[in-house]
Amino acid sequence: MKVKIILYILLSQTIMAYSQSSSCNSDAHKVVYPFLGEWEEYTIKDSVEVYIGRLITKLDIEGCVLTQTFVMSDTTFSYRSHGYVNPASNIWEETYVFNSGGYSKYLWIAEGKSLYTLRIGGSRKTDYLQRLKYIDIKKDEYTVVQQESYNGGISWKSKDSTKIKRIE
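Treat the numbers as computed from the prediction; the structure is a model and nothing was measured. (Residues numbered from 1 in each chain as written. Predicted model: local features only at pLDDT ≥ 70, side-chain atom pairs only at ≥ 80, totals over all residues. Heavy atoms only, no water.)

A. Geometry of the overall build of the chain. The helix and strand inventory of the chain stands at two helices and ten strands. Helices and strands in the chain line up, N terminus first, as α-α-β-β-β-β-β-β-β-β-β-β. Split into buried and exposed, the 168 residues of the chain put 33% on the buried side. At a minimum sequence separation of 6, the contacts of the chain that also span at least 24 residues come to 29%. Surface exposure of the chain reaches about 10700 Å², of which carbon and sulfur atoms provide 56%. (Helix = DSSP H or I, 4+ residues; strand = E, 2+ residues; numbered from the N terminus. Buried < 20%, exposed > 50% of the residue type's maximum accessible area, 1.4 Å probe, protein only. Contact = heavy atoms within 4.5 Å. Areas by Shrake-Rupley, 256 points an atom, 1.4 Å probe, with all protein chains shown as cover.)

See below:
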């Protein structure tokens, strides 16, 4: 019985030490803070905003896990993602799972004042790089520009844009 109690105490101390040392409020974790909340998403076509769906972005497990849920207004498309800061690289890695059964993996990259998520793999193979660039980041809205590169990231071509607006 004494051995079980000692093992339990040692295990409890190890868990406590780990939980206290694995703080999830580093600068790397804070990269996603501006995007937390409930949002409405609009596609931008010829300077006209058209509502396309609802996005919820939050941190779970004491700020250690990023989750996003998106549902298109007509419910034909949706995804859920989860991400974490990889201790080896100190950047967010996020996996999106789509209602089609497919998935994509992204890295959150901050370069100077630029912020984007870079697609690093998924169920659909592509012959180009894809990233989502976050621009015009404000408290209540931001814009996401889908970009593609066919030359290994030397230059990028902008495709669609969406505007994300916070729900009050």
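B. Examining the sheet that holds strand β6 (residues 103-111) more closely. Taken together, the ten strands give a closed barrel; going around it, the order is β1-β2-β3-β4-β5-β6-β7-β8-β9-β10, and neighbouring strands pair in antiparallel fashion. Recorded for the sheet is a direction-independent mean angle of 25 degrees between the axes of neighbouring strands. The sheet contact formed by strand β5 (residues 91-98) and β6 spans five bridges and is antiparallel. For T95, the partnering residue across the bridge sits in β6 and is K105. (Pairing = 2+ DSSP bridges. Axes fitted to C-alpha atoms, helices over the stretch in contact; angles between N-to-C directions.)

C. View of the pairing of β5. Across eight bridges, the pairing between strand β4 (residues 78-86) and β5 is antiparallel. Residue pairing in the sheet places V85 in a bridge with W92 of β5. If you look at the hairpin formed by β4 and β5, you'll find four residues sitting between the two strands, and N90 has a positive phi there, around 60 degrees.

D. Main features of the layout of surface pockets. Within this model, the largest pocket holds a volume of roughly 690 Å³. Lining the largest pocket are 26 residues, and of these E41, F77, Y79, L132 and Q146 lie nearest its centre. Looking at the lining of the largest pocket, the elements with two or more residues in it are β2 (48-60), β3 (65-72), β5, β6, β8 (129-135), β9 (141-149) and β10 (157-166). When residues of the lining of the largest pocket are assigned to their parent elements, the largest contribution, four residues, is made by β10. Here the lining of the largest pocket is built from residues that sort into 15 nonpolar, seven polar and four charged. (1 Å grid on protein atoms, 1.4 Å probe; cavity = no way out; pocket = protein on both sides within 12 Å on 5 of 7 lines; lining within 4 Å. Points joined across faces, edges and corners; volume = space filled by probe spheres on them. Nonpolar A, V, L, I, M, F, W, Y, C, P; charged D, E, K, R; others polar.)

E. Region of the structure containing unusual backbone geometry. The phi torsion at D46 lies on the positive side, around 50 degrees, for a residue other than glycine. Secondary-structure assignment places D46 in the loop between β1 (37-45) and β2. The exposed category is assigned to D46, whose relative accessible area is 76%. If you check the backbone angles, T75 has positive phi at about 60 degrees while not being a glycine. With respect to the helices, strands and loops of the structure, T75 is situated in the loop between β3 and β4. For T75, a relative accessible area of 59% puts it in the exposed group.

F. Quick look at the pattern of salt bridges. This model, assessed by the stated rule, comprises seven salt bridges. Between K165 and E49 there is a salt bridge; the shortest N-O distance is 2.7 Å. Taken as a pair, K165 in strand β10 and E49 in strand β2 lie far apart in primary sequence, 116 residues in all. Accessibility expressed as a relative area gives 34% for E49, which makes it partly exposed. In the salt-bridge network here, residues are joined through shared partners; they are E49, K138, E141, K163 and K165. (Salt bridge = Lys/Arg side-chain N within 4 Å of Asp/Glu carboxyl O.)

The quantities given are spatial measurements derived from coordinates; they are silent on function.
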